[in-house]
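The chain contents come next:
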Amino acid sequence: MTVAASRSRQSKLLAAGAFEGEISSFRLHLAAEGKSPKTIRMYTEAVRWFAAAHLLRETGRTGWEQVCGQDVQRWMVWLLSRYSDSRAAAESRAPRCLVTARP
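None of these values were measured; they are calculated from a predicted model. (Residues numbered from 1 in each chain as written. Predicted model: local features only at pLDDT ≥ 70, side-chain atom pairs only at ≥ 80, totals over all residues. Heavy atoms only, no water.)

K.L.:
Which parts of the structure should I look at to understand the nonpolar core?
P.N.:
Across soluble globular proteins, nonpolar side chains show a tendency to be buried alongside one another. Phe-19, Phe-26, Val-47, Phe-50, Leu-55, Trp-64 and Val-67 are the most contacted members of the largest nonpolar core, which totals 23 residues. Going through the elements one at a time, α2 (20-32), α3 (37-59), α4 (69-80) and α5 (85-101) are the ones with two or more residues in this core. By residue number, the principal contributor to this core is α3, which donates nine residues. Not counting residues up to four positions away in its chain, the partners in contact with Phe-50 are Leu-55, Trp-64, Val-67, Asp-71, Val-72, Trp-75 and Pro-95. (Core = buried A, V, L, I, M, F, W, Y, C linked by side-chain atoms within 4.5 Å. Buried < 20%, exposed > 50% of the residue type's maximum accessible area, 1.4 Å probe, protein only. Helix = DSSP H or I, 4+ residues; strand = E, 2+ residues; numbered from the N terminus. Contact = heavy atoms within 4.5 Å.)

Printed below as a string of C-alpha coordinates:
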(Lines give C-alpha, C1' and ligand atoms only; values in the text may rest on other atoms or scores of the structure.)
Protein backbone atom coordinates (compact mmCIF):
# COMPACT_ATOMS: atom_id res chain seq x y z
CA MET A 1 0.00 0.00 0.00
CA THR A 2 1.38 3.42 -0.91
CA VAL A 3 1.81 6.21 1.62
CA ALA A 4 -0.95 8.22 -0.09
CA ALA A 5 -3.35 5.27 -0.01
CA SER A 6 -2.52 4.60 3.63
CA ARG A 7 -3.03 8.26 4.55
CA SER A 8 -6.35 8.34 2.68
CA ARG A 9 -7.57 5.20 4.41
CA GLN A 10 -6.55 6.55 7.83
CA SER A 11 -8.29 9.86 7.12
CA LYS A 12 -11.55 8.08 6.40
CA LEU A 13 -11.41 6.16 9.67
CA LEU A 14 -11.74 9.30 11.77
CA ALA A 15 -14.49 9.28 14.37
CA ALA A 16 -17.49 11.32 13.27
CA GLY A 17 -18.72 11.92 16.82
CA ALA A 18 -22.30 13.16 17.02
CA PHE A 19 -22.77 12.36 13.32
CA GLU A 20 -22.32 8.59 13.77
CA GLY A 21 -26.02 7.94 14.47
CA GLU A 22 -27.08 9.71 11.28
CA ILE A 23 -24.37 7.90 9.33
CA SER A 24 -25.76 4.56 10.54
CA SER A 25 -29.22 5.68 9.47
CA PHE A 26 -27.83 6.71 6.07
CA ARG A 27 -26.21 3.26 5.72
CA LEU A 28 -29.58 1.63 6.42
CA HIS A 29 -31.30 3.95 3.90
CA LEU A 30 -28.79 2.96 1.21
CA ALA A 31 -29.29 -0.74 1.98
CA ALA A 32 -33.06 -0.32 1.79
CA GLU A 33 -32.62 1.25 -1.66
CA GLY A 34 -30.80 -1.90 -2.73
CA LYS A 35 -27.36 -0.34 -3.11
CA SER A 36 -24.46 -2.76 -3.38
CA PRO A 37 -22.32 -3.42 -0.29
CA LYS A 38 -19.39 -1.66 -2.00
CA THR A 39 -21.50 1.46 -2.68
CA ILE A 40 -22.78 1.48 0.90
CA ARG A 41 -19.23 1.22 2.24
CA MET A 42 -17.89 3.93 -0.07
CA TYR A 43 -20.74 6.35 0.69
CA THR A 44 -20.65 5.85 4.45
CA GLU A 45 -16.84 6.22 4.50
CA ALA A 46 -17.10 9.43 2.47
CA VAL A 47 -19.76 10.88 4.77
CA ARG A 48 -17.78 9.88 7.88
CA TRP A 49 -14.65 11.53 6.45
CA PHE A 50 -16.63 14.70 5.62
CA ALA A 51 -18.08 14.81 9.13
CA ALA A 52 -14.83 14.05 10.96
CA ALA A 53 -12.37 16.03 8.87
CA HIS A 54 -14.50 19.02 7.92
CA LEU A 55 -17.66 19.47 9.95
CA LEU A 56 -16.23 18.75 13.39
CA ARG A 57 -12.81 20.31 12.79
CA GLU A 58 -13.68 23.30 10.62
CA THR A 59 -17.28 24.28 11.34
CA GLY A 60 -18.11 23.14 14.86
CA ARG A 61 -21.39 21.71 13.59
CA THR A 62 -22.83 18.98 15.78
CA GLY A 63 -25.81 17.69 13.77
CA TRP A 64 -26.86 17.19 10.15
CA GLU A 65 -29.68 19.71 10.59
CA GLN A 66 -26.96 22.39 10.87
CA VAL A 67 -25.17 21.34 7.68
CA CYS A 68 -25.84 23.37 4.56
CA GLY A 69 -24.88 23.25 0.91
CA GLN A 70 -22.01 25.67 1.49
CA ASP A 71 -20.43 23.16 3.89
CA VAL A 72 -20.37 20.61 1.06
CA GLN A 73 -19.01 23.24 -1.35
CA ARG A 74 -16.18 24.10 1.04
CA TRP A 75 -15.42 20.39 1.40
CA MET A 76 -15.34 20.05 -2.39
CA VAL A 77 -12.89 22.99 -2.66
CA TRP A 78 -10.66 21.35 -0.04
CA LEU A 79 -10.80 18.01 -1.86
CA LEU A 80 -10.01 19.66 -5.22
CA SER A 81 -6.95 21.31 -3.71
CA ARG A 82 -5.55 17.90 -2.75
CA TYR A 83 -6.97 15.27 -5.10
CA SER A 84 -7.91 14.79 -8.74
CA ASP A 85 -11.21 16.16 -10.02
CA SER A 86 -12.70 12.67 -10.29
CA ARG A 87 -11.63 11.70 -6.77
CA ALA A 88 -13.00 14.96 -5.34
CA ALA A 89 -16.30 14.46 -7.17
CA ALA A 90 -16.59 10.90 -5.90
CA GLU A 91 -15.80 11.86 -2.29
CA SER A 92 -18.31 14.73 -2.29
CA ARG A 93 -21.17 12.76 -3.87
CA ALA A 94 -22.33 11.08 -0.65
CA PRO A 95 -22.29 14.25 1.50
CA ARG A 96 -24.26 16.08 -1.22
CA CYS A 97 -26.75 13.21 -1.31
CA LEU A 98 -27.18 13.22 2.45
CA VAL A 99 -27.56 17.01 2.75
CA THR A 100 -30.08 17.29 -0.09
CA ALA A 101 -32.10 14.27 1.10
CA ARG A 102 -32.98 15.91 4.40
CA PRO A 103 -36.55 17.17 4.78
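After presenting the structure, the write-up continues.
K.L.:
Help me understand the pattern of salt bridges, please; the structure alone is not making it clear to me.
P.N.:
Once the charged atoms of two side chains with opposite charge are near each other, the side chains can pair. Counted according to the given criterion, the structure contains six salt bridges. Between Asp-71 and Arg-61 there is a salt bridge, with its nearest N and O atoms 2.7 Å apart. Here Asp-71 is found in helix α4, whereas its partner Arg-61 is found in the loop between α3 and α4, with 10 residues between them in sequence. For Asp-71, a relative accessible area of 0% translates into the label buried. (Salt bridge = Lys/Arg side-chain N within 4 Å of Asp/Glu carboxyl O.)

K.L.:
Could you clarify how one ought to interpret α4 in this entry?
P.N.:
Because an α-helix packs 3.6 residues into every turn, residues spaced three or four apart end up facing the same way. With 12 residues, α4 should cover 16 Å at 1.5 Å per step; its first-to-last C-alpha distance of 16 Å lies within 8% of that length. Looking only at α4, the buried set comprises Asp-71, Val-72, Trp-75 and Leu-79. Relative to the axis of α4, the buried residues are bounded by an arc of 95° and lie together on one face. For α4, the exposed residues lying more than 90 degrees away from the buried face are Gln-73 and Val-77. (Expected span 1.5 Å × (residues − 1). Arc of directions from axis to C-beta.)

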